[in-house]
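# Examining the three-dimensional arrangement
Each chain is listed here by its residues.
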Amino acid sequence: MKEPTLVLIKPDGLVKSLTGNILTRLSETKLEIVAAKMVSVSDELAREHYKHLKDKPFYDELIKYIKGELHARRKVLAMIYYGEGAIEKVRQLAGATNPEEADSISIRGQYGRITTSGVYENAIHASTNLKEAKREIKLWFKPDEIIVDLYPAKTISHEVREKEWA
Ligand code: UDP
Ligand code: MG
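Per chain, residue numbering runs from 1 following the sequence as it is written. Labels follow written order: the first chain is A, the first ligand is 1, and so on. Totals for whole chains, interfaces and linings use every residue, but because this is a predicted model, local features are given only for residues with pLDDT of at least 70 and side-chain atom pairs only at 80 or more, for both listing and counting. By convention in this description, side-chain values take in all heavy atoms of the structure and omit both hydrogens and water.

When DSSP finds two or more bridges between two strands, those strands count as paired. Strands are runs of DSSP state E lasting at least 2 residues, helices are runs of H or I lasting at least 4, and numbering of each runs from the N terminus. Taking strand neighbours across the sheet as the criterion, the 4 strands line up as 2-3-1-6 in an open arrangement whose pairing is antiparallel. Of all the strands in the sheet, just strand 2 (32-39) and strand 6 (124-126) have a single pairing partner and so form its edges. Adjacent strand axes in the sheet meet at a mean angle of 20°, parallel and antiparallel pairs treated alike. One ladder, built from 8 bridges, connects strand 1 (residues 2-9) with strand 3 (residues 76-84); its direction is antiparallel. Its bridge partner lying in strand 3, Glu3 is registered against Gly83. Orientation is described by axes fitted as lines to C-alpha atoms, over the contacting stretch for helices, and by angles from 0 to 180 degrees between their N-to-C directions.

This is the structure in structure tokens:
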């Protein structure tokens, strides 16, 4: 069964110009990218994404980190990889959460570091299981931004206010 997983290139990955290297590593998986966009991460999105960690001592720093406040680069690259075993394949390539414990040839092992304030800057986020992938994908993407149908969606009509090219 094909499954999706959310991948984020975090602000440290972008600042260090690691996007190309990370995408090249991820291409080893032969998974398909079915959505991709740059996101300027709001406080609300950051807190919702990491809500399971809100009682941790590093939570406030983590929120600053994902919002890009530690890197003067307020954006992340959000993508959905899709295919057989996608979640495990991407987690494997990403490596352990702690970059010092991560396999040295994993993405986090190669590019991660621990900051002086103790946050693991590990360049990439990857969903850990199907339930988390679903929650995270629905948080970061709208159905129309994904080129395959992942979850049930409904069409609603409402008055839209959006920018168009002048
Ligand atoms: N994190 C941290 N210190 C910790 C645990 C986690 O700074 O002791 C950060 C790290 O950037 C990690 C993120 O919080 O990627 C989310 O933590 P989680 O436990 O979900 O790890 P992940 O799923 O990213 O491997
Ligand atoms: Mg996690």
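Once you've had a look at it, read on.
This part covers the site of ligand 1. Near is defined per residue: the residue qualifies when any heavy atom it owns lies within 4 Å of the molecule or strand. Close contacts around ligand 1 come from 13 residues, with Arg91, Thr97, Arg108, Tyr120 and Asn122 the closest. One nitrogen or oxygen atom from the side chain of Thr97 is found 2.5 Å from an oxygen atom belonging to ligand 1. Within the side chain of Asn122, an N or O atom sits 2.9 Å from an oxygen atom of ligand 1. Only the protein chains shown count as cover for residues, and the accessible areas themselves come from Shrake-Rupley with a 1.4 Å probe. When ligand 1 sits alone it has 500 Å² of accessible area, and the protein chains cover 84% of it. Two N or O atoms form a polar contact when they lie within 3.5 Å of each other; inside protein one atom must be a possible hydrogen donor and the other a possible acceptor, and for residues adjacent in sequence the pair counts only when both atoms belong to side chains.

Turning to helix 7 (residues 130-140), a few remarks are in order. Relative accessible area decides the class of each residue, using a 1.4 Å probe on protein chains only: under 20% of the type maximum gives buried, over 50% gives exposed, and in between gives partly exposed. Within the span of helix 7, buried status applies to Glu132, Ala133, Glu136, Ile137 and Trp140. End-on view of helix 7: buried residues confined to an arc of 125°, all on one side of the axis. Facing away from the buried side of helix 7, by more than 90 degrees, are the exposed residues Leu130 and Lys131. For helix 7, the elements touching its buried residues are strand 1, strand 2, helix 3 (43-49), strand 3, helix 5 (86-94) and strand 6. The N-cap residue of helix 7 is Asn129: its side-chain oxygen and the backbone nitrogen of Lys131 are 3.1 Å apart. Taken from the helix axis, the directions to the C-beta atoms give the arc we talk about. In this description, contact between two residues means that some pair of their heavy atoms is separated by no more than 4.5 Å.

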